[in-house]
Amino acid sequence: MQQMLSAILHSSLIMLVWLGAFFVVFSLLAKISACNPGQALWRKDSLTDITYFFIIPIFTRFVRIFFIAAGAHFLFRASLDDTFAHYLANGYGPLGKLPIWLQAALIILVTDVILYWTHRLFHGKTMWRFHAIHHSPKQVDWLTAYRFHPINLWLTFTLVDILVMFVGFSPEAVAAMAAVNMVYSAMVHANLDWTFGPFKHCFASPVFHRWHHTAQEEGLDKNFAPTFPLIDIVFGTFYMPEARRPEHYGVPGSDIPNSFIGQMIWPFRKKKT
C-alpha cells in the first residue's frame, strides 16, 4: 500500500511539472497567435479539466492491469505467468526486435488508423453520450485534451495501447509514443492559429482539430484523425477551409454539467444528445 501511494505521489509530481510547463508555453503562444482572440486563459471549468488531468490516470493504471490479465486469458489461454510477463515487458517476435524509433513510428501509424475509427464510433448514437463530455467545453484550449470520460478513454486510448503491446511492440516504444501523444494532444487542442501551411494534410494542426470541436454545422463529424489528416481525406471527413476559423464550441442543447462528478454521472442518466 505504501509503495502504491509513493508511486501515485511521484507520478502526481511529474504531472504537476507537465501541467505547469503546458500552462506557461501554451498561454504565451496563445497571446502571440490565437485562433480565437479574446478567449480567456482560465475558464470557469478549467479546474474540472485539471481534475481529469490528475485523477483519471490513477484509475487507468488498474484498468490497464485488467486488460492485460483479460488478454492473457482469452487470447493466450493462459494466466500471466513469468514467461509471458517477460515477453510483455520486453516485447517479442519480429516487432519487438525492431529499433525503438522504428517501433514508435509504426505504433503511431497503426494506432492513428484504429483511433480514427474508434473516434467515429464514439460519435455514433450509442457511444456519443460518453464522448460528448470531451466536446462539452464552450471554449477549447490545451486543457480540453484531458477531458475524457473514463469509459471513452479506456475503450480507446488505453485499450489500443494494450493491443499494440500484445502484438509484440515493446513497452519502451509504447511509452515513448505516449509522451509524444501527450504533448501533441495538448498542442492540437490549444487556442492557436496554426494550420501547418503546406503540411496541413500531413499533420493535425490546432485549426484542424478546432474544426472537429466546433458546434457549427459545417464542422460536425469532421476531422477525426488524431495525428494524420490524410486518413480523413481518404475517408471523406476532412474539413479545414482556408479563410475561415471556427468560432463556436460545445454541445448545443445539452445539459452537461461543468463539475467533474456531474460529468462522470451524466452519460448514465442521459440516453442521447
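As a reminder, the structure under discussion sits directly above these lines.
Being a predicted model, the structure only gives us computed values, none of them experimental.

What counts, and where the lines are drawn
- Residues numbered from 1 in each chain as written.
- Predicted model: local features only at pLDDT ≥ 70, side-chain atom pairs only at ≥ 80, totals over all residues.
- Heavy atoms only, no water.
- Helix = DSSP H or I, 4+ residues; strand = E, 2+ residues; numbered from the N terminus.
- Buried < 20%, exposed > 50% of the residue type's maximum accessible area, 1.4 Å probe, protein only.
- Contact = heavy atoms within 4.5 Å.
- Areas by Shrake-Rupley, 256 points an atom, 1.4 Å probe, with all protein chains shown as cover.
- Core = buried A, V, L, I, M, F, W, Y, C linked by side-chain atoms within 4.5 Å.
- Polar contact = N/O pair within 3.5 Å; in protein donor to acceptor, adjacent residues only side chain to side chain.
- Axes fitted to C-alpha atoms, helices over the stretch in contact; angles between N-to-C directions.
- Left-handed = near helix turned anticlockwise from the far one by under 90°.
- Nonpolar A, V, L, I, M, F, W, Y, C, P; charged D, E, K, R; others polar.
- Phe/Tyr/Trp six-rings, centres within 6.5 Å; stacked < 30°, edge-to-face > 60°.
- Salt bridge = Lys/Arg side-chain N within 4 Å of Asp/Glu carboxyl O.

Visitor: Sorry if this is basic, but what is going on with the overall build of the chain here?
Guide: Counting secondary structure elements, the chain contains 11 helices and 0 strands. The secondary structure elements of the chain, listed N-terminal to C-terminal, are α-α-α-α-α-α-α-α-α-α-α. Buried positions account for 44% of the 273 residues belonging to the chain. Taking all contacts inside the chain whose residues are at least 6 apart in sequence as the whole, residues at least 24 apart take part in 72%. Carbon and sulfur atoms make up 70% of the accessible area of the chain, which totals about 14,300 Å².

Visitor: Honestly, the environment of phenylalanine 67 in this entry has me stumped. Any pointers?
Guide: Checked against the element boundaries, phenylalanine 67 lands in helix α2 (residues 46–76). The spatial distance from the C-alpha of phenylalanine 67 to the C-alpha of tryptophan 154 is 9.6 Å, given a sequence separation of 87 residues. Sequence-distant contacts of phenylalanine 67, that is, excluding residues within four places in its chain, are made with Trp154, Thr158, Leu159, Ile162 and Phe166.

Visitor: Any chance you could explain helix α6 (residues 128–135) here in plain terms?
Guide: The periodicity of an α-helix, 3.6 residues per turn, causes residues three or four places apart in sequence to face the same way. Most of α6 sits out of view: 7 of its 8 residues are buried. Considered for burial, the residues of α6 that qualify are Trp128, Phe130, His131, Ala132, Ile133, His134 and His135.

Visitor: Just checking my understanding: could you explain the nonpolar core for this structure?
Guide: Where a protein is soluble and globular, its nonpolar side chains tend to be buried together. In terms of nonpolar packing, the biggest core is built from 23 residues, with Phe22, Phe26, Trp142 and Tyr146 touching the most fellow members. Where this core is concerned, the elements lending two or more residues are α1 (2–32), α2, α8 (171–189) and α9 (206–213). Excluding its chain neighbours within four sequence positions, the residues that come into contact with tyrosine 146 are Phe22, Asp49, Tyr52, Phe53, Met182 and Ala186. Counting 18 residues, the second largest nonpolar core, distinct from the first, contains Ile56, Val63, Trp128 and Val251.

Visitor: What is the right way to read unusual backbone geometry from this model?
Guide: For residues besides glycine, phi is generally negative; the peptide bonds are generally trans as well. The phi angle at aspartate 221 is positive, at roughly 55°, despite the residue not being glycine. On the secondary structure map, aspartate 221 appears in the loop between α9 and α10 (230–234). Exposure remark for aspartate 221: the relative accessible area of 42% places this residue in the partly exposed category. Phi angles above zero are rare outside glycine, and asparagine 223 is one such case at about 55°. Mapping asparagine 223 onto the fold places it in the loop between α9 and α10. On the basis of relative accessible area, asparagine 223 is assigned to the buried category, the value being 0%.

Visitor: Explanation requested: the side chain of threonine 156 in the structure shown.
Guide: Among the secondary structure elements, threonine 156 is positioned in helix α7 (residues 150–166). Judged by relative accessible area, threonine 156 falls into the buried class, the value being 3%. Each residue touching threonine 156, except ones within four places of it in the same chain, is listed here: Leu115, Thr118 and Phe122.

Visitor: What is the right way to read helix α11 (residues 260–269) from this model?
Guide: When we look at burial in α11, the residues that qualify are Phe260, Gly262, Gln263, Met264, Trp266 and Pro267. Where α11 begins, the capping side chain belongs to serine 259, and its oxygen is found 3.1 Å from the backbone nitrogen of glycine 262.

Visitor: Whenever I open this one, the packing of α6 against α11 confuses me. Can you help?
Guide: Any two packed helices are characterised by the angle at which their axes cross and by the distance between the axes. Where α6 meets α11, the closest approach of the two axes is 8 Å, and the angle between their N-to-C directions is 150°. Between α6 and α11 the crossing geometry is right-handed. Counting all contacts with α6, which are made through Arg129, Phe130, Ala132 and Ile133, the residues of α11 involved are Gln263, Trp266, Pro267 and Phe268. Classifying every residue of the contact of α6 with α11 by side-chain character gives 6 nonpolar, 1 polar and 1 charged.

Visitor: Help me understand the packing of aromatic side chains in this model?
Guide: On inspection of all chains with the given rule, the structure shows 16 aromatic pairs. Members of the aromatic cluster, joined through ring pairs, are Trp18, Phe22, Phe26 and Trp142.

Visitor: Mind showing me how you'd approach the pattern of salt bridges here?
Guide: Note on pairing: side chains with opposite charge can pair once their charged atoms come close. According to the stated counting rule, one finds 9 salt bridges in the structure shown. The salt bridge partner of arginine 245 is aspartate 193, with a shortest N-O separation of 2.4 Å. Here arginine 245, found in the loop between α10 and α11, pairs with aspartate 193, found in the loop between α8 and α9; they are 52 residues apart in sequence, far enough to count as distant. With a relative accessible area of 30%, aspartate 193 lands in the partly exposed category. For arginine 269, the salt bridge identified is with aspartate 255, shortest N-O distance 3.8 Å. Here aspartate 255 lies in the loop between α10 and α11 and arginine 269 lies in helix α11, a separation of 14 residues in the sequence. Residue aspartate 255 is classed as partly exposed on the basis of its relative accessible area of 37%. Beyond isolated ion pairs, a larger network of salt bridges with shared partners links Arg43, Asp45, Asp49, Asp141 and Arg147.

Geometry only, nothing functional implied.
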